[in-house]
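Descriptive structure summary
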Amino acid sequence: MAAVNAMLEELRGLVPLTAEGGAERFAAQGWTPGGKPRDGVETSWRKDGVRGWIQTFRSGAVRVSFAVWIRDVDESGYFDDLEAVYEEGERALAAFLPEIEQSPLAGHLTEAEQTAADKDEFIAVRKWTLDGRVLTAGVVQQDTDLPVMVVITLEQSAATSA
């Protein structure tokens, strides 16, 4: 997961966080574009088995996300044992957390309180602030027919980018 930590370090230095700047950092770090430009900016990337993507919201907020572990659903759209997959995701998250907590970012992280929305969205989650941005690591399944993933996101709200 060195590619994710390197990107987080690069993105930390990008003030404000923008889709264009994020795309430049992905390209400079040797990530492969996924061919999903939006408003003229590449938004989907891959490197070392990790998927990365950039989202810009109407509010002006920008989020860069990484899927560091993915477990797809079977052809029927269901898992034989969904709880076991969630537990597997939680173990994958627990294995990844030290990579964040012992990285060069560690001295800049402040533990952040989880919100009700976090508890609804994530199966398991850890959250920090990083120079006014929110860094989240968690296990998600956004819909019953979508994969369970461990995602790392760095988000800058529109208020902090102004």
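Here's a quick rundown of the structure. (Residues numbered from 1 in each chain as written. Predicted model: local features only at pLDDT ≥ 70, side-chain atom pairs only at ≥ 80, totals over all residues. Heavy atoms only, no water.)

Along the chain, the regular secondary structure elements total five helices and ten strands. Relative to the compact-globule value of 15 Å for 162 residues, the chain shows a C-alpha radius of gyration of 16 Å, a close match. Along the three orthogonal principal directions, the C-alpha set of the chain runs to about 45 × 35 × 30 Å. Burial status across the chain gives 41% buried among its 162 residues. Total accessible area computed for the chain in this model is approximately 8600 Å², and 47% of it derives from carbon and sulfur atoms. In the chain, 15 side chains carry a positive charge and 27 a negative one; their mean positions are 5 Å apart. (Helix = DSSP H or I, 4+ residues; strand = E, 2+ residues; numbered from the N terminus. Rg over C-alpha atoms; globule rule 2.2 N^0.38 Å. Buried < 20%, exposed > 50% of the residue type's maximum accessible area, 1.4 Å probe, protein only. Areas by Shrake-Rupley, 256 points an atom, 1.4 Å probe, with all protein chains shown as cover. Lys, Arg positive; Asp, Glu negative; His and termini not counted. Charge placed at Lys NZ, Arg CZ, Asp CG, Glu CD.)

Let us look at the environment of E42. Mapped onto the elements of the fold, E42 is located in strand β3 (residues 41-42). The exposure class assigned to E42 is buried, which follows from its relative accessible area of 16%. In this view, E42 contacts A23, P33, G34, G35, K36, P37 and I54; residues no more than four positions away in its chain are not counted. (Contact = heavy atoms within 4.5 Å.)

Tracing the backbone through its elements, the reader meets S103 in the loop between α3 (82-101) and β7 (109-111). Within the structure, the side chain of S103 is placed 2.8 Å from the backbone oxygen of I100, a separation counted as a polar contact. Once residues lying within four places of it in the same chain are set aside, the contact partners of S103 are N5 and P98. (Polar contact = N/O pair within 3.5 Å; in protein donor to acceptor, adjacent residues only side chain to side chain.)

Compared with an ideal rise of 1.5 Å per residue, which puts 20 residues at 28 Å, α3 spans 28 Å between its outermost C-alpha atoms and is within 8% of the ideal. The set of residues buried in α3 consists of V85, Y86, G89, L93, F96, L97 and I100. (Expected span 1.5 Å × (residues − 1).)

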